[in-house]
Amino acid sequence: RANELKSRLTLLMDDLGGQDALSYQKLSLCKLAIFLESIISDWERDLAQGNDVDLGKHTQALNSLLGLFRHLGLERNARDIQSLQNYLATKEQSV
């Protein structure tokens, strides 16, 4: 379970440009979003198995998750990478 959450967190951070591109606040929101998504998934699994789920809490959690995603951004952001020329120049200087 922990590995699944870490994987989801990594995917989310990568979509936002990578962990290095995130402020502390955004990183905290990412962690909260993944935690909330996990709870929602558990409730949906319970519902699929025929168990009772408080649909009011489920709806409220979905709205909260959507709010977190809106604050973080719904679009993928490219990571900043250096050009091949700069990379090679840096490698050459370090040798």
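Look a little higher up for the structure.
Notes on the structure in this doc start here.

1. Brief notes about the overall build of the protein
Now for step 1: Summing up its helical and strand segments, the protein has four helices and zero strands in all.
Now for step 2: In the protein, the order of α-helices and β-strands from amino to carboxyl end is α-α-α-α.
Now for step 3: A compact globule built from 95 residues would reach a C-alpha radius of gyration of about 12 Å, whereas the protein, at 19 Å, exceeds it by more than 25%.
Now for step 4: Principal-axis analysis of the C-alpha atoms gives the protein an extent of 65 × 25 × 20 Å.
Now for step 5: Relative to its 95 residues, the protein shows a buried fraction of 21%.
Now for step 6: In the protein, once contacts between residues fewer than 6 apart in sequence are set aside, the share between residues at least 24 apart is 62%.
Now for step 7: Surface accessibility of the protein: about 7400 Å² in total, with carbon and sulfur atoms responsible for 52%.

2. Regarding the environment of E44
Now for step 1: Checked against the element boundaries, E44 lands in helix α2 (residues 24-48).
Now for step 2: Exposure remark for E44: the relative accessible area of 39% places this residue in the partly exposed category.
Now for step 3: Each C-alpha atom, one on E44 and one on H58, is 8.6 Å from the other, the two residues being 14 residues apart in sequence.

3. Structural notes on the environment of L16
Now for step 1: Turning to its location among the elements, L16 is positioned in the loop between α1 (2-15) and α2.
Now for step 2: Excluding its chain neighbours within four sequence positions, the residues that come into contact with L16 are A21, L22, C30, L72, G73 and N77.

What counts as what
Residues numbered from 1 in each chain as written. Predicted model: local features only at pLDDT ≥ 70, side-chain atom pairs only at ≥ 80, totals over all residues. Heavy atoms only, no water. Helix = DSSP H or I, 4+ residues; strand = E, 2+ residues; numbered from the N terminus. Rg over C-alpha atoms; globule rule 2.2 N^0.38 Å. Buried < 20%, exposed > 50% of the residue type's maximum accessible area, 1.4 Å probe, protein only. Contact = heavy atoms within 4.5 Å. Areas by Shrake-Rupley, 256 points an atom, 1.4 Å probe, with all protein chains shown as cover.

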